[in-house]
Amino acid sequence: MDRDTIRAVVRAAPRVLELRELPAPPVGPGEVRVRIRAVGICGGDLHYFEGRGRVTNPNRALVVGHEGAGVVDAVGPGVADLRPGDRVVIDPQVGWCGHCDHCLRGARHLCPRRVDMGYMTDGACRDLVTLPRACVYPLPHHLAWDAAVGIHGLAATVHALEQVPYRMDASVVVLGTGPAGLYFLQLLAAGWAARQVVAVGRNAGRLALARRLGAHEVVDARAVELVDAVAALTPGGADLVVEATGAQSVQERAVDLVAPRGTVLTYSPGLAAIPFEQVVRKEVRLVGSTGVTGCMRTAVRLVAAGKVDTAALVTDRYPLTETQAAFEAATADDKGGFVKAMVTL
Ligand SMILES: [Zn+2]
Ligand SMILES: [Zn+2]
């Protein structure tokens with residue numbers, strides 16, 4: 001590899017990743033070039049890897065990955081507040097128009113011209129990435145890469161909870177013990193000071209981790225009937241139910257679990273029919289959420305202050321040359337002790 005080329009992991013076909021050499025990206029005015037050191041593998045990457053779901057460009061061969069962190073390599077003209085050597089984490093939404101109503105109201109994640117790395121344009125699994133300055137967030141020096149790769153996912157859950165009306169002394173049910181569920185329960189236990197956080201999952205190791213990270217009670221949905229078991233723990237229903245499984249069978253039950261006038265936060269894109277009869281009769285508030293606008297810096301601070309543990313979720317580490325194995329571990333049917341994979345460069 002000479003100085004003008006970089007290594008990159010490209011999805012050549014569904015479930016087939018290839019290590020390729022690409023030209024090193026230039027850095028222009030207002031841009032920052034980051035030498036990537038670590039990339040977290042996220043549920044959002046797996047749709048494109050497998051070629052399923054709402055994939056925008058299923059046939060394009062793009063560099064995979066979007067949860068990147070690294071060190072500033074170079075800055076373009078006009079960037080005065082970052083220097084080579086600074087440790088940073090990236091916001092992978094690299095495209096927005098800047099002049100639609102949503103952009104002008106500070107919600108660029110709703111821009112019709114939104115472009116995300118890793119499945120709409122080239123992603124983070126490469127040596128060097130050039131981004132707009134607005135997509136690069138400085139990290140404190142003490143923060144490990146294990147912790148940094150979870151910051152974007154955490155920011156998305158922070159953004160989601162900002163859509164939910166805060167309730168003091170709340171009873172909360174978190175459906176799902178994947179990374180999003182494990183971020184949510186930490187935010188709800190620590191940030192919301194919820195009276196009760198019940199985590200519902202299907203994997204003993206993840207349920208134990210949920211308890212260690214702040215869940216007051218855990219329910220193994222393989223062993224019990226979900227609605228009965230949760231209702232026994234939350235008489236009258238939960239004030240907030242967070243749906244973070246993406247499983248249709250669970251999504252259909254979320255409204256059953258919420259108290260009258262409670263909120264259902266639907267975090268994973270769903271296939272389930274919404275039971276509008278119950279929504280009306282219980283005056284349920286349904287909240288959706290996507291994107292991270294404005295929440296990356298909050299997520300950095302929460303992790304830096306030790307209020308949320310993102311590093312605890314990283315169970316598997318792979319070098320860039322074994323990115324294929326990282327994606328296969330993340331899509332395996334029986335995950336065992338796996339929670340989240342990280343690729344290091
Ligand atoms: Zn992600
Ligand atoms: Zn816009």
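One structure accompanies this document, and this report is about it. (Residues numbered from 1 in each chain as written. Chains lettered and ligands numbered in written order. Predicted model: local features only at pLDDT ≥ 70, side-chain atom pairs only at ≥ 80, totals over all residues. Heavy atoms only, no water.)

On to the side chain of Ser 268. Of note, Ser 268 is situated in the loop between β14 (258-266) and α10 (276-281). The exposure class assigned to Ser 268 is buried, which follows from its relative accessible area of 15%. A polar side-chain atom of Ser 268 sits 2.5 Å from a polar atom in the side chain of Glu 243. (Helix = DSSP H or I, 4+ residues; strand = E, 2+ residues; numbered from the N terminus. Buried < 20%, exposed > 50% of the residue type's maximum accessible area, 1.4 Å probe, protein only. Polar contact = N/O pair within 3.5 Å; in protein donor to acceptor, adjacent residues only side chain to side chain.)

Let's shift gears to the pairing of strand β17 (residues 340-344). Within β17, 4 of the 5 residues are buried, which leaves it mostly tucked inside the rest of the structure. Of the strand pairs in this sheet, strand β3 (residues 31-40) and β17 are connected by 3 bridges, and their pairing is antiparallel. Within β17, the residue paired with Gly 40 across the bridge is Met 342. One ladder, built from 5 bridges, connects strand β16 (residues 314-319) with β17; its direction is parallel. The residue of β17 that forms the bridge with Val 314 is Lys 340. In this fold, β16 hands off to helix α12 (residues 323-331), which returns the chain to β17; that crossover is right-handed. (Pairing = 2+ DSSP bridges. Right-handed = clockwise from strand over helix to strand, strands pointing away.)

Positioned with a positive phi, Arg 15 is a non-glycine residue whose angle comes to about 65°. Summarising the element assignment, Arg 15 is placed in the loop between β1 (5-13) and β2 (16-23). Arg 15 gets classed as partly exposed once you look at its relative accessible area, which sits at 34%. A positive phi is found at Asp 169, a non-glycine position, where the angle reads about 60°. Secondary-structure assignment places Asp 169 in the loop between α4 (151-162) and β10 (171-175).

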